[in-house]
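A closer look at the structure
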Amino acid sequence: MTITTHPLVARARHLASSLLEPEAARVDQEGVPVGHVEAVKRSGLLGVTAPVEYGGAGAPAAVLRETAEILAGACCSTWFVQTQHHTPVQTLVRGEQAARERLLGPLSRGELLSGVAYAHLRAYPRVPVRVRPEGVGWQFDGSVPWFTGWGLNDLMLLAGVTEDGEVLFAFVEAREQPGLRASAPMRLAALSAARTVSLELDGLWVPEEAVALRVPYAEWAPGDRAKTLNANPAVFGIASAALSLLGEETAAPLHARLADVRDRAYALADHPEPLAHVEERLAVRAEAYAALTEATTAAVVAGGGRAMSLDARAQRLAREGLFLLVQGQTAETREAHLRALTG
C-alpha cells in the first residue's frame with residue numbers, strides 16, 4: 001500500500017470534496033460548525049497515528065502529513081481545529097498510565113476531541129502558567145494566550161511549569177468552570193472561524209489522575225523544538241489549492257518548485273535524528289513559505305478584482321497563508337525566516 005492509497009487518505013479526500021471545500025467560504029465567515037467536527041470524528045482521522053490497540057490506525061507520519069495537506073487545502077479552519085488533537089494523543093502514548101488508560105482510547109477512536117494549551121511554555125524562563133501541588137491534585141494559575149476550538153473541543157491538554165522547573169500536562173474539560181474563564185473568540189485576519197480564545201486560570205484544580213505528563217523542562221524542550229523546525233504540511237496543502245486556480249502554463253513552474261521543496265522538507269522530517277541538520281531544516285522551512293507566498297499571490301493576481309471578494313477562494317487562501325507564516329512560530333524560526341527574506 002502506498003501513502004496515496006491508504007484508506008485514511010481516501011477518507012480525507014472524500015471529506016474534503018464532499019463537505020469541507022464546498023462549505024469553506026461560509027465557514028470562513030461564520031465559524032467551524034459542530035457538524036464539521038462530528039464528520040471529522042466519524043472519519044477516523046483523529047486516530048491516524050494512534051496505537052491500533054487503543055482503536056487508532058497506527059499509520060506512519062507520512063499518512064498524517066498527506067491527510068493534513070488535504071484537509072488544510074480544503075478548509076484550513078477545520079484543519080486547524082482538528083490538528084491540535086494529535087499532540088494530546090502522542091503525549092498520552094508516552095505519558096502517565098492512569099490518564100493513558102482512561103483517555104487514549106476515546107481520543108484515538110474520535111469519541112472525544114482535544115485541543116492544546118501549551119504554546120506559552122516556549123516563553124520559558126518566563127512562566128505565564130504556574131502549577132503547584134494542591135491536595136491530591138494540582139492548581140493552575142496564570143494566562144493562556146491562545147486556545148483554539150473553544151466550544152468545539154471536549155477536552156484541552158493544559159500545561160504549566162512547577163516551582164521545580166518541571167512541565168506538567170493535564171487534561172481539563174474545555175468549558176468554563178471554577179478557576180477557568182475564556183475570553184470572547186478573537187477576531188483575526190484569518191482563521192477566526194477556528195474559535196481561538198485566551199484563558200484566565202485562577203486556582204483551577206485538576207486531580208492527579210488527569211496528569212498526562214510531568215517532566216523537567218530541559219527534557220521536554222528539545223522534542224518541542226524539533227517539531228517547530230520542520231515545514232508544516234498545511235503549507236503544501238494551501239499552496240497546492242492555490243495553484244489549482246491557475247492555468248496549466250502558469251502553474252507548471254510553481255508546481256515544480258513546490259514539489260522540490262516538499263520532497264526535501266519531508267526527507268528531513270523523516271530523518272532518524274530530529275535535531276540533526278537544524279540549519280538545513282530552517283532554510284527549507286523558509287523555502288516552503290516562499291513557495292506558499294508565490295502560489296497564493298499568483299492565485300490572487302490571476303483572480304483580478306474578483307479575488308478581493310470575501311468569498312473568493314484565492315483571497316481566503318492568501319489570508320490562510322499569512323496565518324501559517326506565524327502559526328507555531330518560535331524566536332529561532334522567526335529569525336531564520338527573516339534572514340531568508342533579507343537575503
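Structure shown above.
We now turn to the structure provided with this report. Note that residues are indexed from 1 along each chain, following the sequence as it is written. The predicted origin of the model limits local features to residues at a pLDDT of at least 70 and limits the giving and counting of side-chain atom pairs to 80 or more, whereas totals for whole chains, interfaces and linings rest on all residues. Side-chain measures were taken over the full set of non-hydrogen atoms in the model, leaving aside hydrogen atoms and water.

**Topic: the nonpolar core**
- Here, nonpolar core refers to any group of buried Ala, Val, Leu, Ile, Met, Phe, Trp, Tyr and Cys residues whose side-chain atoms link them within 4.5 Å. Buried residues are those whose accessible area, probed at 1.4 Å on protein chains only, stays under 20% of the maximum for their type, while exposed residues exceed 50% and partly exposed ones sit between those limits. Formed by 64 residues in total, the largest nonpolar core has its most connected members in Trp 79, Phe 236 and Leu 324.
- For helices the rule is a DSSP run of H or I covering at least 4 residues; for strands it is a run of E covering at least 2, with both sets numbered from the N terminus onward. Taken together, the elements giving at least two residues each to this core come down to α1 (7-30), α2 (34-43), α3 (61-74), α4 (76-83), α8 (233-243), α9 (248-269), α10 (278-303) and α11 (313-326).
- Any two residues whose heavy atoms approach within 4.5 Å are treated as being in contact. Dropping the residues within four chain positions of it, Phe 236 is found in contact with Glu 69, Ala 231, Leu 258, Val 261, Arg 262, Ala 265, Tyr 266 and Ala 288.
- Listed in part, the 25 residues of the second largest apolar core include Val 127, Val 161, Phe 169 and Val 215.

**Describing the packing of aromatic side chains**
- Note on aromatic contacts: the rings of Phe and Tyr and the six-membered ring of Trp form a pair at centre separations within 6.5 Å, being stacked when their planes are under 30 degrees apart, edge-to-face when over 60 apart, and tilted otherwise. As enumerated under the stated definition, the model contains 9 aromatic pairs in all.
- Considering the side-chain rings of Tyr 124 and Tyr 217, the 4.0 Å spacing of their centres and the 20° angle between planes classify their relative orientation as stacked. Of this pair, Tyr 124 sits in the loop between β1 (114-117) and β2 (129-134) while Tyr 217 sits in helix α7 (residues 217-229), and the two are 93 residues apart along the sequence.
- For the ring pair Tyr 217 and Trp 220, a centre distance of 5.7 Å and an interplane angle of 55° mean the geometry is tilted. Placement of both Tyr 217 and Trp 220 in helix α7 is noted, with a separation of 3 residues, approximately one turn of the helix.
- Note on Trp 220: relative accessible area 9%, which makes it buried.
- Taken together, the ring pairs connect Tyr 118, Tyr 124, Phe 169, Tyr 217 and Trp 220 into an aromatic cluster.

**Remarks on α2**
- Along α2, the residues classified as buried are His 36, Val 37, Ala 39, Val 40, Lys 41 and Ser 43.
- In this fold, the buried residues of α2 make contact with α1 and α4.
- Residue Gly 44 follows α2 closely and has a positive phi angle near 85°.

**Details of the side chain of Gln 84**
- Residue placement: Gln 84 occurs in the loop between α4 and α5 (86-93).
- For Gln 84, a relative accessible area of 11% translates into the label buried.
- Each residue touching Gln 84, except ones within four places of it in the same chain, is listed here: Ser 114, Gly 115, Val 116 and Thr 148.

**Some words on the pattern of salt bridges**
- The term salt bridge refers to a side-chain nitrogen of Lys or Arg lying within 4 Å of a carboxyl oxygen of Asp or Glu. Summed over the entire model, instances satisfying the criterion amount to 22 salt bridges.
- The salt bridge involving Arg 13 is made with Glu 66; its shortest N-O contact spans 3.9 Å. Of this pair, Arg 13 sits in helix α1 while Glu 66 is found in helix α3, placing the two residues 53 residues apart along the sequence.
- A salt bridge links Arg 262 to Glu 69; its shortest N-O distance comes to 2.8 Å. Here Glu 69 lies in helix α3 and Arg 262 lies in helix α9, a separation of 193 residues in the sequence.
- For Arg 262, a relative accessible area of 23% gives the class partly exposed.
- Taking relative accessible area as the criterion, Glu 69 reaches 11% and is therefore assigned buried.
- Each of Arg 13, Glu 66, Glu 69 and Arg 262 takes part in salt bridges that share partners, so that together they form one network.

**Thoughts on the packing of α3 against α4**
- Running from N to C, α3 and α4 point in directions that differ by 140°, and their axes come no closer than 5 Å. One element, α3, and the other, α4, form an angle in the oblique class. Facing Ala 68, Leu 71, Ala 72 and Ala 74 of α3, the residues of α4 in contact are Cys 76, Trp 79 and Gln 82.
- Each residue belonging to the contact of α3 with α4 can be placed in one class, and the counts come to 6 nonpolar, 1 polar and no charged. Every axis in this analysis is a line fitted to C-alpha atoms, fitted for helices over the stretch in contact. Angles between the N-to-C directions lie between 0 and 180 degrees. Here the angle decides the label: under 35 degrees means roughly parallel, over 145 means roughly antiparallel, 65 to 115 means roughly perpendicular, and every other value means oblique. Each residue is assigned to one of three groups, with Ala, Val, Leu, Ile, Met, Phe, Trp, Tyr, Cys and Pro labelled nonpolar, Asp, Glu, Lys and Arg labelled charged, and all others, Gly among them, labelled polar.

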